[in-house]
Amino acid sequence: GQNIDQPTEMTATEGAIVQINCTYQTSGFNGLFWYQQHAGEAPTFLSYNVLDGLEEKGRFSSFLSRSKGYSYLLLKELQMKDSASYLCAVRDMGNSGYALNFGKGTSLLVTP
Amino acid sequence: DVKVTQSSRYLVKRTGEKVFLECVQDMDHENMFWYRQDPGLGLRLIYFSYDVKMKEKGDIPEGYSVSREKKERFSLILESASTNQTSMYLCASVFGTGTEAFFGQGTRLTVV
């Protein structure tokens, strides 16, 4: 198994920037993923990092530091529709093949 | 677009019943997974399969079994449903390493 930690809840204001952190411990790291999940719906893919650095995709960016076991998801120009749960997931080739192991998720509330 | 389809969105079963949850993907992915999602616990891996007739236990396989007779179909079986198996069940498929998992819409199972 592995530990994947992220904050349980965050609140931010519409139009602002928010950073959601994720720390992990794994023996066979093979990629870090961020998913968005609205209430009652399936998770949808946001970003993927396997090398250190920043990946930018529109309003969303994701950063990875493998040496620190650390990632963050940055959401810019927040919109009300960004209120959702954000899931950090790690692929560990050590024991579960290609399976993603998920953190418990961060519930983000965007307020007017 | 990849499509992962789960047979039921909502299901209500009685304690002791045998329950089948079906999942079909249309993109020829080798790898398929079953997760359950519970409040405060996040997504937890039940079983996964990396090829037809191949299966591996995830983190919480007790009380479940799986079947993969065809590449596109991965079934989760609750041999004798219990109330602690009331949960949201999510199926996912992956093409290979370095790619994201695609999720089905989820099956909310209630065992009474």
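Attention here is on the structure that accompanies the text.

About the thresholds
- Residues numbered from 1 in each chain as written.
- Chains lettered and ligands numbered in written order.
- Predicted model: local features only at pLDDT ≥ 70, side-chain atom pairs only at ≥ 80, totals over all residues.
- Heavy atoms only, no water.
- Helix = DSSP H or I, 4+ residues; strand = E, 2+ residues; numbered from the N terminus.
- Rg over C-alpha atoms; globule rule 2.2 N^0.38 Å.
- Buried < 20%, exposed > 50% of the residue type's maximum accessible area, 1.4 Å probe, protein only.
- Contact = heavy atoms within 4.5 Å.
- Areas by Shrake-Rupley, 256 points an atom, 1.4 Å probe, with all protein chains shown as cover.
- Lys, Arg positive; Asp, Glu negative; His and termini not counted.
- Charge placed at Lys NZ, Arg CZ, Asp CG, Glu CD.
- Disulfide = S-S within 2.5 Å.
- Salt bridge = Lys/Arg side-chain N within 4 Å of Asp/Glu carboxyl O.
- Pairing = 2+ DSSP bridges.
- Axes fitted to C-alpha atoms, helices over the stretch in contact; angles between N-to-C directions.

1. Looking at the overall build of chain A
For step 1, the next point in the chain: Scanning chain A for helices and strands turns up 0 helices and 11 strands.
For step 2, the next point in the chain: Listing every helix and strand of chain A by position from the N terminus yields β-β-β-β-β-β-β-β-β-β-β.
For step 3, the next point in the chain: Against the 2.2 N^0.38 benchmark of 13 Å for 112 residues, chain A shows a C-alpha radius of gyration of 14 Å, consistent with a compact globule.
For step 4, the next point in the chain: Expressed as lengths along the three principal axes of its C-alpha atoms, the size of chain A is roughly 45 × 30 × 20 Å.
For step 5, the next point in the chain: Counting over 112 residues, chain A shows a buried share of 48%.
For step 6, the next point in the chain: A separation threshold of at least 6 residues defines the contact pool for chain A, and within that pool the share at least 24 residues apart is 55%.
For step 7, the next point in the chain: Accessible surface, chain A as shown: approximately 5300 Å² in total, 49% of it carbon and sulfur.
For step 8, the next point in the chain: Separation of charge centres in chain A, based on 8 positive and 10 negative side chains, amounts to 4 Å.

2. Section: the state of the cysteines
Residue and element names in this part refer to chain A.
For step 1, the next point in the chain: Tallying each qualifying case throughout the model produces 2 disulfides over all chains.
For step 2, the next point in the chain: Across the disulfide, Cys 22 is cross-linked to Cys 88 (sulfur-sulfur distance 2.0 Å). Measuring handedness by torsion sign, the sulfur bridge of Cys 22 and Cys 88 sits at about -70 degrees and is left-handed. Placement of Cys 22 in strand S3 (residues 18–25) and of Cys 88 in strand S9 (residues 84–92) is noted, with a sequence separation of 66 residues between them. In terms of burial, Cys 22 and Cys 88 fall into one category: buried.

3. Overview of the pattern of salt bridges
Should their charged atoms come close, side chains of opposite charge can pair.
For step 1, the next point in the chain: Tallied over the entire structure, the rule returns 9 salt bridges over all chains.
For step 2, the next point in the chain: Here Asp 82 of chain A ties to Arg 59 of chain A by a salt bridge, and the two come within 2.8 Å at their closest N and O atoms. You can see Asp 82 of chain A sitting in the loop between strand S8 (70–75) and S9 and its partner Arg 59 of chain A sitting in the loop between strand S6 (53–57) and strand S7 (60–65), a full 23 residues away along the chain. Take Asp 82 of chain A and Arg 59 of chain A: they sit in the same class, and that class is buried.
For step 3, the next point in the chain: Through salt bridges with shared partners, a single network forms among Arg 36, Asp 38 and Arg 44 of chain B.

4. Description of the sheet that holds strand S1 (residues 4–6) of chain B
Residue and element names in this part refer to chain B.
For step 1, the next point in the chain: One open sheet holds the 4 strands; their spatial order is S1-S3-S8-S7, and the pairing between them is antiparallel. The sheet is open, and its two borders are formed by S1 and strand S7 (64–70), each paired with just one other strand. Averaged over all pairs of adjacent strands, the angle between strand axes in this sheet comes to 20 degrees, irrespective of strand direction.
For step 2, the next point in the chain: Relative to strand S8 (residues 73–78), S7 runs antiparallel, the two being bridged by 5 bridges.

5. A word on the sheet that holds strand S1 (residues 3–5) of chain A
In sheet architecture, strand pairing relies on hydrogen bonds along the backbone and comes in two forms, parallel and antiparallel.
All names here are of chain A.
For step 1, the next point in the chain: The strand order across the open sheet formed by 5 strands is S1-S3-S8-S7-S6, and the pairing between neighbours is antiparallel. The sheet terminates laterally at S1 and S6, the two strands that pair on one side only. Neighbour-to-neighbour, the strand axes of the sheet open up by a mean angle of 15 degrees, direction not taken into account.
For step 2, the next point in the chain: In this sheet, S8 lies alongside S3 in antiparallel orientation, the contact comprising 6 bridges. Within S8, the residue paired with Cys 22 across the bridge is Ser 71.

6. Quick notes on unusual backbone geometry
Residue and element names in this part refer to chain B.
For step 1, the next point in the chain: The phi dihedral of Asp 28 falls on the positive side, at around 65 degrees, and the residue is not glycine.
For step 2, the next point in the chain: Tracing the sequence through the fold places Asp 28 in the loop between strand S3 (19–25) and strand S4 (31–38).
For step 3, the next point in the chain: Even without a glycine there, the phi angle at Lys 53 is positive, about 65 degrees.
For step 4, the next point in the chain: Looking at the secondary structure, you find Lys 53 in the loop between strand S5 (42–49) and strand S6 (56–57).

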